[in-house]
Protein chains: 2
Amino acid sequence: MSEAPHLTFDLEKPGMSKGHLIVPKGADCEALSLPVFSLNKGEGPRLLITGGCHGDELEGPIVARRLVEWLPEAQTCGRVIIVPVLNPPAVQACSRNTPVDGLNLNRVFPGRADGLLSERIADAVSRLLLPMADTVFDLHSYGPGWEFPPATTTHPVADPELMAKTIKMAEAFKLPMTLVWEHPETPGMFDTLAQNQGKVFVCPELGGGPIGAEALAIYEAGVRNALIALGLVDGKAEFPTFRQQKSSQTLETRRPSDELKSPASGIFEPRCSILDVVKQGDLIGIVHPMESLSADSTDIRAPGTSVVCGIRSGGYVKVDECIVLLGRPLNR
Amino acid sequence: MSEAPHLTFDLEKPGMSKGHLIVPKGADCEALSLPVFSLNKGEGPRLLITGGCHGDELEGPIVARRLVEWLPEAQTCGRVIIVPVLNPPAVQACSRNTPVDGLNLNRVFPGRADGLLSERIADAVSRLLLPMADTVFDLHSYGPGWEFPPATTTHPVADPELMAKTIKMAEAFKLPMTLVWEHPETPGMFDTLAQNQGKVFVCPELGGGPIGAEALAIYEAGVRNALIALGLVDGKAEFPTFRQQKSSQTLETRRPSDELKSPASGIFEPRCSILDVVKQGDLIGIVHPMESLSADSTDIRAPGTSVVCGIRSGGYVKVDECIVLLGRPLNR
């Protein structure tokens, strides 16, 4: 019989601790040790920050490492727990899913103690870390194949009071976009588990494309703004500059109706940029057939007035592949 | 016995033609039909533009499609042949190498008529298209895992006159960076074959990261500038705006000495941006160990005054993986 998941240190200990969350071994692999940072300054908000759930979204782990550097000086009260990398095998493989079991860690919460590796990670986090927090930031990003602005996202929550608190928390990051995302595939998400327990859960989607120094500075500023809003850190929240603008907008999007799919296979040419406002009939992109230069290309046009939340990078797309995600100002 | 490579139309025909370059079938797959555009306006420069050599670099094919749209109106003399996609199977697989034979098309020139698919494509291009041109633009890009500016690149050429003509042509794109790249792995490159025949060969590396509308506008402007410089198109060349700047610099870089390698495995955090000037000792990036938050991270510092030509996107890197490409102003 394998050991139970456990921490190598006591989260109740005052002050800073660094240790590991031990995910027990199973039939598929040995035990994992996930580095954990804890800063317990007593009474106050209780925050859990996680990153690296998907191994190809490394903005979160890098921003989490930066927090570990400056939080000991900056945090004035409350408790913060940081796990920069929830899924080390996926990070090492640069893959979204966990390599040994092929599962998406963010679809198996609350996990199982005797399950596959992804389920055992989810179980350890759900049982040992989630109960220690009232607010969770699970740092994600949109991946290399899309243009996507630095954003916070959340899904609709049935309880209107929790929904309002969640949107307020998401907006406190002051990132260029706050997105309420109606998403049909919610079972097994970390979000759903935490929200069902009445916690405020925000999922920053820290952009798409290559992770450069300028983008990281924006993401770090967003998380700092959220810590200030929670009262964990002193300071003044400021909108980070993104494409020469200091602003933020709150949008909503519905899956699948706000996802435009490619009507043909071919090379997708984006013709607009993220956060552009498009009106009915505006050209969003073009799909070029590859077989012949005489064959007609297919225009992708906006079905109505909307904001471009995300757009696929130029590249080969198959029929029915999603190429654009649209949104509208949130109807509160 | 398989048929020989051939064109479905006569390149000598005046005016615009659209047809195909037929790459014969072989043991590994059926014949391929590569769409080809030709615009023959008689006397003048003879230019061949190719894209899609590597299937994960689609800036080239998209810009080539745009040229096919406006060149019939704009071209005043000479001959232009455009092949937007040299390697359709690689584009469909989104892979750098050709899926059926695993070869890098840009390492098998001049190819072989009875070889593997990549070799047969190279052979068809070398025998039927290359002789029709004095200048070649082979449109590449740096791929999704790096931050890289819109650039033209070339390799050192032994003949000083051809070298000077090549650099002048590369600079005529007026893209933010013109890079002379001393590159040890030259055998089998399309570049080398063309240069050995005395042709001017420029390899635009049209940036890294997601391919968005703004980036495509810069690349298209660069190619238009080059067409104006050749005298194929009327107009005034202008520096495209990249990161609020309208400028260009010509640099040189040497492999492997200008490539900084990661001294450890871990998560790479870029701390500077492309085209930043760094001095000896300046922090370029950090490699964070994944095993523990108590273990020291490793700083990557500049070995001397240089310009950051390319920098790896934040992500997991292995020991000895290249993370930064440095350069210096070209010593003419």
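These numbers come from a predicted model, not from an experiment.

A closer look at the overall build of chain A
The number of helices and strands found in chain A is six helices and 19 strands. Whereas a compact globule of 332 residues would reach a radius of gyration of roughly 20 Å, chain A reaches 21 Å, a difference of no more than 12%. Projected onto its principal axes, the C-alpha positions of chain A cover 70 × 50 × 40 Å. Burial statistics for chain A: of 332 residues in total, 61% are counted as buried. In chain A, once contacts between residues fewer than 6 apart in sequence are set aside, the share between residues at least 24 apart is 72%. With the model as given, the accessible surface of chain A reaches about 12600 Å², and the carbon-plus-sulfur share is 51%. Across chain A, the centroid of the 31 positively charged side chains sits 4 Å from that of the 40 negatively charged ones.

What to know about unusual backbone geometry
The omega angle of the peptide bond from F109(A) to P110(A) is 5°, so this bond is cis rather than trans. Examined against the element boundaries, P110(A) turns out to sit in the loop between α2 (88-92) and α3 (117-129). A positive phi is found at R243(A), a non-glycine position, where the angle reads about 50°. As for its position among the elements, R243(A) is in the loop between α6 (213-230) and β11 (249-254). Although it is not a glycine, D320(B) adopts a positive phi angle of roughly 75°. Along the polypeptide, D320(B) turns up in the loop between β18 (315-317) and β19 (322-329). Since its relative accessible area comes to 55%, D320(B) is described here as exposed.

Some points on the nonpolar core
L71(B), I82(B), F137(B), L227(B) and I284(B) are the most contacted members of the largest nonpolar core, which has 76 residues in total. Judged by nonpolar contacts, the second largest core, of 64 residues, contains A172(A), V200(A), I267(B) and L293(B).

Some thoughts on the sheet that holds strand β13 (residues 266-270) of chain A
All names here are of chain A. Strand order in the open sheet made by the four strands is β16-β15-β13-β18, with antiparallel pairing throughout. Looking along the sheet, the strands with just one partner apiece sit at the ends: β16 (298-301) and β18 (315-317). The sheet shows a mean angle of 35° between the axes of neighbouring strands, taken without regard to direction. Note that strand β15 (residues 283-288) and β16 share four bridges and pair antiparallel. Bridge pairing in β16 places L283 opposite R301.

Comments concerning the side chain of D138(A)
Residues and elements named next belong to chain A. In this fold, D138 is placed in strand β6 (residues 135-139). Despite its burial, D138 pairs with no opposite charge; the closest candidate is R107, at 8.5 Å N-O. In this structure the side chain of D138 is engaged in a polar contact, spanning 2.7 Å, whose partner is the side chain of H140. Those residues in contact with D138 that lie beyond four places of it in its chain are T50, G51, C53, L86, F190, F201, V202, C203 and P204.

Concerning the interface of chain B and chain A
Taken together, the contacts link 49 residues of chain B with 49 residues of chain A. Around 4000 Å² of area is buried between chain B and chain A when both sides are counted, 63% of it from carbon and sulfur atoms. Remark: the boundary between chain B and chain A carries four salt bridges. Close ionic contact of E269(B) with R66(A) constitutes a salt bridge, the shortest N to O distance being 2.5 Å. Scanning the region where chain B abuts chain A turns up 18 residue pairs in polar contact (both at pLDDT 80 or more). Broken down by secondary-structure element, the contributors of at least two residues to the side of chain B that touches chain A are β2 (15-23), β3 (32-41), α1 (59-74), α2 (88-92), β7 (146-147), α6 (213-230), β13 (266-270) and β18 of chain B.

With respect to the packing of helix α1 (residues 59-74) of chain A against α6(A)
Residues and elements named next belong to chain A. Put simply, α1 and α6 touch, their axes get as near as 10 Å, and they point 55° apart. By the angle between their axes, α1 is oblique relative to α6. Our pair here, α1 against α6, has a crossing hand that is right-handed. On α6, the residues touching E59, I62, V63, R66, L67, W70 and L71 of α1 are L216, A217, Y219, E220, V223, R224 and L227. Residues of the contact of α1 with α6, tallied by class, amount to ten nonpolar, no polar and four charged.

Points about the relation of the copies chain B and chain A
Mapping chain B onto chain A is achieved by rotating through 180° and translating by 0.0 Å along the same axis, at an RMSD of 0.0 Å. In symmetry terms, the pair is related by a two-fold rotation axis. Residues of chain B ranked by C-alpha distance from the rotation axis are headed by G209(B), positioned 2.5 Å from it. A symmetric contact is evident, with 100% of the interface residues of chain B recurring at the interface of chain A.

Looking at the sheet that holds strand β15 (residues 283-288) of chain B
The antiparallel open sheet is built from four strands, whose spatial order is β16-β15-β13-β18 (chain B). Each having just a single partner strand, β16 (298-301) and β18 of chain B make up the two edges of the open sheet. Averaged over all pairs of adjacent strands, the angle between strand axes in this sheet comes to 35°, irrespective of strand direction. Relative to the sheet, α1(A) contacts β13, β15 and β18 of chain B, its axis offset from that of β13(B) by approximately 80°.

Some remarks on the side chain of R65(B)
With respect to the secondary-structure elements, R65(B) resides in helix α1. Of the buried charged residues, R65(B) lacks a salt bridge, with E69(B) as the closest side chain of opposite charge at 4.8 Å. Discounting residues that sit within four places of it in the chain, R65(B) has contacts with H288(A), P289(A), S292(A), L293(A), A295(A) and S297(A).

Observations concerning the environment of V83(A)
Residue and element names in this part refer to chain A. Inspection of the secondary structure assignment puts V83 in strand β5 (residues 78-83). A relative accessible area of 0% places V83 in the buried class. Separated by 18 residues in the primary sequence, V83 and R65 have C-alpha atoms spaced 9.1 Å apart. What V83 contacts, discounting residues up to four positions off in sequence, is L34, P35, V36, L48, I49, T50, G51 and L129.

The rules behind these values
- Residues numbered from 1 in each chain as written.
- Chains lettered and ligands numbered in written order.
- Predicted model: local features only at pLDDT ≥ 70, side-chain atom pairs only at ≥ 80, totals over all residues.
- Heavy atoms only, no water.
- Helix = DSSP H or I, 4+ residues; strand = E, 2+ residues; numbered from the N terminus.
- Rg over C-alpha atoms; globule rule 2.2 N^0.38 Å.
- Buried < 20%, exposed > 50% of the residue type's maximum accessible area, 1.4 Å probe, protein only.
- Contact = heavy atoms within 4.5 Å.
- Areas by Shrake-Rupley, 256 points an atom, 1.4 Å probe, with all protein chains shown as cover.
- Lys, Arg positive; Asp, Glu negative; His and termini not counted.
- Charge placed at Lys NZ, Arg CZ, Asp CG, Glu CD.
- Core = buried A, V, L, I, M, F, W, Y, C linked by side-chain atoms within 4.5 Å.
- Pairing = 2+ DSSP bridges.
- Axes fitted to C-alpha atoms, helices over the stretch in contact; angles between N-to-C directions.
- Salt bridge = Lys/Arg side-chain N within 4 Å of Asp/Glu carboxyl O.
- Polar contact = N/O pair within 3.5 Å; in protein donor to acceptor, adjacent residues only side chain to side chain.
- Buried area = accessible area lost by both parts, 1.4 Å probe.
- Parallel < 35°, antiparallel > 145°, perpendicular 65-115°, else oblique.
- Left-handed = near helix turned anticlockwise from the far one by under 90°.
- Nonpolar A, V, L, I, M, F, W, Y, C, P; charged D, E, K, R; others polar.
- Least-squares fit on C-alpha atoms with pLDDT ≥ 70 in both.

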